[in-house]
Amino acid sequence: MKRQSKRSAMVLSRVLPMGLALLVGASPSLAQGVHVGITPATLTVSPGAEFDLNLAVTQAGSLFNGFDATVTLDPAALTFLPLSPISLQQGCLMTGVCSAACGNTFHHFSAAADSAAITDILLCNQVALAGPGQVYKLHFRASTTPQVTFVRFRRALFYNAGLYVNPVITADAQVTIG
């Protein structure tokens, strides 16, 4: 009897870790963290043209229900043009147009010559999003001087139920004028 118990314990000690590894590794359907990019990643516009860039969660990942982001731009190349009302800048994931969100948000936006700061948080009971989809829209006017410029993330934080979601992987955009 003692011999069988030792044998069973030995088998369990070998099989159990392999089974747990299979269970943990078996469901990577959601990527860890949040992948957010400024889209399209590359864009060519005419001098003086107006155009939109989106902040988009580019693949399904960890759940989130709010974010803070600051994007930067070269004011000699691009001018940020806020939409009116500002709520039109919210993406379809946050407004519920393309998600289960209820459309009720805490939204704060501010712009400077070289940056835009965004806070957008769902006020929907027990609703969290995984992406992919648009979380914000930014409208710009290109300068009249042909050049290549970038719109970059200075900061991007995502939250779920008040806790940080990590990691946040960002991707910037290149804009060619002319």
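Conventions we followed
- Residues numbered from 1 in each chain as written.
- Predicted model: local features only at pLDDT ≥ 70, side-chain atom pairs only at ≥ 80, totals over all residues.
- Heavy atoms only, no water.
- Helix = DSSP H or I, 4+ residues; strand = E, 2+ residues; numbered from the N terminus.
- Buried < 20%, exposed > 50% of the residue type's maximum accessible area, 1.4 Å probe, protein only.
- Contact = heavy atoms within 4.5 Å.
- Areas by Shrake-Rupley, 256 points an atom, 1.4 Å probe, with all protein chains shown as cover.
- pLDDT = per-residue confidence, 0-100.
- Core = buried A, V, L, I, M, F, W, Y, C linked by side-chain atoms within 4.5 Å.
- Phe/Tyr/Trp six-rings, centres within 6.5 Å; stacked < 30°, edge-to-face > 60°.
- Lys, Arg positive; Asp, Glu negative; His and termini not counted.
- Salt bridge = Lys/Arg side-chain N within 4 Å of Asp/Glu carboxyl O.
- Polar contact = N/O pair within 3.5 Å; in protein donor to acceptor, adjacent residues only side chain to side chain.

### A word on the overall build of the protein
Regarding its fold elements, the protein presents two helices and twelve strands. Starting at the N terminus and ending at the C terminus, the protein contains elements arranged as α-β-β-β-β-β-α-β-β-β-β-β-β-β. Taking all 178 residues of the protein together, the buried fraction comes to 37%. Across the protein, contacts joining residues at least 24 apart in sequence account for 75% of those joining residues at least 6 apart. In the structure as shown, the protein presents an accessible area of about 9900 Å², 59% of it carried by carbon and sulfur atoms.

### Details of the confidence of the model for the protein
For the protein, the mean per-residue pLDDT works out to 88, and 83% of the residues sit at or above 70. In the model, residues 15–29 has pLDDT below 50 throughout and makes one contact with residues more than four positions away in sequence or in other chains.

### Thoughts on the nonpolar core
Grouped together as the largest cluster of nonpolar side chains are 39 residues, with contacts concentrated most on Leu55, Phe64, Phe67, Leu78, Leu138 and Phe140. If you tally residues by element for this core, the top one is strand E8 (residues 133–142), at five residues.

### A few points about the packing of aromatic side chains
For the structure on display, the rule yields eight aromatic pairs. Geometrically, the ring pair formed by Phe80 and Phe109 is tilted, given 5.3 Å between the ring centres and 40° between the ring planes. Taken together, the residues Phe80 in strand E5 (residues 78–80) and Phe109 in strand E6 (residues 105–112) connect sequence positions 29 residues apart. For Phe109, a relative accessible area of 15% translates into the label buried. Between Phe109 and Tyr136, the aromatic rings sit 6.2 Å apart at their centres with planes inclined by 20°, giving stacked as the arrangement. With a gap of 27 residues between them, Phe109 in strand E6 and Tyr136 in strand E8 connect regions that are remote in the sequence. Take Tyr136: its relative accessible area is 0%, and that puts it in the buried class. Taken together, the aromatic side chains of Phe51, Phe64, Phe67, Phe80, Phe109, Tyr136, Phe140 and Phe158 make up a single cluster linked through ring pairs.

### So, the environment of Leu55
Among the structural elements, Leu55 can be located in strand E3 (residues 50–57). The sequence separation of Leu55 and Thr39 amounts to 16 residues, and the corresponding C-alpha distance is 6.4 Å. Filtering out sequence-adjacent residues up to four positions away, Leu55 remains in contact with Gly37, Ile38, Phe67, Ala69, Val71, Ile118, Gly133, Gln134, Val135, Tyr136, Leu138 and Phe153.

### Topic: the side chain of Asp120
Residue placement: Asp120 occurs in strand E7 (residues 115–122). In this structure Asp120 is buried but unpaired, with Lys137 as the nearest side chain of opposite charge at 13 Å. A polar side-chain atom of Asp120 sits 2.6 Å from a polar atom in the side chain of Gln90. Non-local contacts of Asp120, meaning those with residues more than four positions away in its chain, are made with Gly66, Phe67, Gln90, Met94, Thr105, Phe106, His107, Val135 and Tyr136.

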